[in-house]
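# Remarks on the overall topology
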Amino acid sequence: RYRHTAAAMIHAATTSGNVDTTAEVRIVPTTPIPDMRPGTSGLRKKVEVWQGEHYLENFVQSLIDTAVEKEGKTLDTIIIAGDGRYHNSQAIPIIAHLAAANGIRHIWIPQFGIMSTPAVSAAIRRRRRSEDEEDGRGGGGRDGEGIAQGGIVLTASHNPGGPGEDFGIKYNEGLGQPAGEDFTEALYQKTLTISSYKTLSNIVDIDLSAPVGTQYTLTPTSTVTIIDPYRNYLDALKSCFDFDQLRKFGQRKGFSMVFDGMHGAGGIFAKRVLVEELGLPESSLMRCNPLPDFGKCHPDPNLTYASELVKKMGLLPDGSADESIPSSSLPTLGAANDGDGDRNLIAGAGFFVTPSDSMALICDNWESIPQFASRGGLKGVARSMPSSAALDVVASARNIPCFVTPTGWKFFGNLMSSKEMFGGEDYTPFLCGEESFGTGSDHVREKDGLWAVLAWMSILAKANEGNVAEGTLVGVKDIVQNHWEKYGRHFYCRYDYEGVDSNAANKVMDFIRESFVNGDASSMEIGESGIKLTNAVEFSYTDPVDGSKTSKQGLILNFELPSGDPARVVFRLSGTGSAGATIRMYLEQYEKDSTKHGMSAPVALRGLAEEALRLVKMEEKTGRDSPTVIT
Ligand code: G6P
Ligand code: ZN
């Protein structure tokens, strides 16, 4: 990759303690490459695009420059880690050399280069430089208790990996949170004007499989340290849950679990936590070895892509129970993570829990989770706008402030770190989540797949405390059904139209905006279904913490069902794709009557879906008569 022979060489004099040292920084001329604007969560492109000349370097140099500008000084310490996908191990050393050439003194890389996204967030928040020594041999000579100013995270999350598939990079800032819109926009502007990047003339061979604690000197003042990927994350989880209680519960007769790592980064953390810490048998794990192409699977934990797990849990692809399988023969808890271990799918025996319901359930059961119970309960909750209102109903009943944000995890971080609203950083017991299989809390500043699994295990453990009958357990299904009885059920599902021509996708959105948001929605004629469109709005958000405004975050169509109950359909374009456009249609319908709660969601929502598709002329405008995926 280092073939830039025409590069100018300069000698940069730097000072380390009292000794003047000289490092050979190489300035490589480059020209701007278009189309590098990061999406909802970093820049995602096909691997081959990233492998193009100067592509990775241009982006990373712009990223470092943006971070330096924001910090007001050279960065001192950063983490570089990825989800293990194809190109991960090639890109990490290149980025390390750029970082060193830019004067970053301490560069932390996890062993094998792999860390889940929540683990990176935990390490940014918690890791102290003194751990360089404690982590193993090498180390030494480090001053102070410095922590990282940020992390460069190599992931395209739930997008497939391998040749011809996606690679991505995002930046997480000092509190461990994904960089906000101001940062990514400034980064993008830099990619449009970049004229050179810095790397080193001497390339050091960094062995990512070297023992923890191994150090590589890149320049007299910049060192790479191979760090333990687990340590800080494990500490973070231990601060949330009672591991002794979970270990005991895991041994209960009748309890069993299946965890599907989808060959992503979450798998090694699941093994460490579920098997090594909590004592569950190895047979609880499936696909927990990270692979560069995720074993050719689409590492997104939903009913479609986690089909093997879904089957093991006695479920049909639409999320309903396969009645031919007795639930007593099924695992008590089933879970899956995505490529970078921040998403989660939760299921019980013959029972799928929607992400929106999962959030509402965790909220209502905060007493079962030590992280919240020991700090006086939840001080705030938040959900993304397209997620269902199941959380709002619980929050209002339990007097917890509830926020509705645009899609994208970065919006939650601002809320939970706010001193003004909640007293700040470490004082905000906070729960948040998204319909896109993301759940998390204030222990890190990312969603956390494994955290959700332990939260559910804690809820199950508590629910079974008084229940001593041999081999019988209160299950996920019992817990959720009781919840619906108390609060009503929000039927929910999502239709995805993937790979739609971008123009056609924009036309659908423009049409909805013009006809229903700007037009008079309520004058629309009522179709055969009897479902009536009452009004339409386009969601925009003003951040209550920093006042920043985000607009065009989804088109909401509000309906009234023939029963008089409300229903809602949201249209939004995905911000995480790498080619073409994906239209998402989110369907939600509230049902108070518990005799109707047993229906499967896609069946309950079919009428609403048909009505919405008819109104927005989906087939006419996109040529699609059915979605690519229903989750
Ligand atoms: C990433 C973000 C999530 C967000 C999701 C939306 O996973 O981390 O916070 O919900 O993207 O994806 P979409 O494709 O709907 O824009
Ligand atoms: Zn992810």
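Structure shown above.
Parameters and conventions
- Residues numbered from 1 in each chain as written.
- Chains lettered and ligands numbered in written order.
- Predicted model: local features only at pLDDT ≥ 70, side-chain atom pairs only at ≥ 80, totals over all residues.
- Heavy atoms only, no water.
- Helix = DSSP H or I, 4+ residues; strand = E, 2+ residues; numbered from the N terminus.
- Buried < 20%, exposed > 50% of the residue type's maximum accessible area, 1.4 Å probe, protein only.
- Pairing = 2+ DSSP bridges.
- Axes fitted to C-alpha atoms, helices over the stretch in contact; angles between N-to-C directions.
- Donors = N, O, S within 2.8 Å, 3.2 Å for Na, K, Ca; no water.
- Tetrahedral: all angles 85-135°; square planar, octahedral: opposite > 155°, others 65-115°.
- Core = buried A, V, L, I, M, F, W, Y, C linked by side-chain atoms within 4.5 Å.
- Domains from an automatic or database assignment.
- Contact = heavy atoms within 4.5 Å.
- Phe/Tyr/Trp six-rings, centres within 6.5 Å; stacked < 30°, edge-to-face > 60°.
- Lys NZ or Arg CZ within 6 Å of the ring centre and 35° of its normal.

Even without being glycine, Phe 294 reaches a positive phi, approximately 55°. Structurally, Phe 294 can be placed in the loop between strand S12 (285-286) and helix H10 (307-312). For Phe 294, a relative accessible area of 0% corresponds to the buried category. Of note in this structure, Asn 399 is not a glycine but carries a positive phi near 60°. Tracing the backbone shows Asn 399 in the loop between helix H13 (390-397) and strand S17 (402-405). On the basis of relative accessible area, Asn 399 is assigned to the exposed category, the value being 70%.

Another point: the sheet that holds strand S19 (residues 438-441). Across the sheet, four strands lie side by side as S17-S16-S18-S19; this open sheet has mixed pairing. Strands with a single pairing partner mark the edges of an open sheet, and in this sheet they are S17 and S19. Direction aside, the axes of adjacent strands within the sheet are offset by 15° on average. When strand S18 (residues 430-434) meets S19, the two strands line up antiparallel, connected through four bridges. Looking at the pairing, Leu 431 lines up with Ser 441 of S19.

Coordination angles at a metal have ideal targets, namely 109.5 degrees for four tetrahedral donors and 90 or 180 degrees for six octahedral donors. Binding of the zinc ion (ligand 2) to the protein goes through Ser 157 (OG), Asp 338 (OD), Asp 340 (OD) and Asp 342 (OD), at separations of 2.0 to 2.1 Å. Metal-centred angles of 88 to 163° between the four donor atoms at the zinc ion (ligand 2) mark the site as irregular. Along the chain, the residues donating to the zinc ion (ligand 2) fall in the pattern S-x180-D-x1-D-x1-D. With Ser 157 in the loop between strand S6 (150-154) and strand S7 (166-172) and Asp 340 in the loop between strand S13 (333-337) and strand S14 (344-348), this pair connects stretches of sequence that are 183 residues apart. With relative accessibility at 4%, the residue Ser 157 sits in the buried group. Classification of Asp 340 as buried rests on a relative accessible area of 2%.

Right, let's talk about the nonpolar core for a bit. Counting residues in each nonpolar core, the largest one holds 75 residues, and the members touching the most others are Phe 241, Leu 274, Leu 333, Leu 450, Trp 451, Leu 454 and Trp 456. Among the elements that make up this core, the one with the highest residue count is helix H16 (residues 449-463) (11 residues). No fewer than three residues from each of domain 1 (8-233) and domain 2 (239-487) sit in this core. Those residues within four positions of Trp 451 in sequence are excluded, and the remaining contacts are Tyr 233, Leu 237, Cys 240, Phe 241, Ile 362, Gln 371, Phe 372, Leu 431, Thr 439, Gly 440, Ser 441 and His 443. The next biggest cluster of nonpolar side chains, apart from the first, holds 45 residues, and it includes Leu 56, Ile 107, Ala 179 and Ala 210.

Our focus in this paragraph is the packing of aromatic side chains. As enumerated under the stated definition, the model contains 14 aromatic pairs in all. With centroids separated by 4.9 Å and ring planes inclined at 55°, the aromatic side chains of Phe 249 and Phe 255 adopt a geometry described as tilted. Look at Phe 255 and you get buried, because its relative accessible area is 8%. Its end group placed over the ring of Trp 108, Arg 127 keeps NZ or CZ at 4.4 Å from the ring centre. For Lys 621, the ring lying beneath its charged end belongs to Phe 511, and the centroid distance is 4.6 Å.

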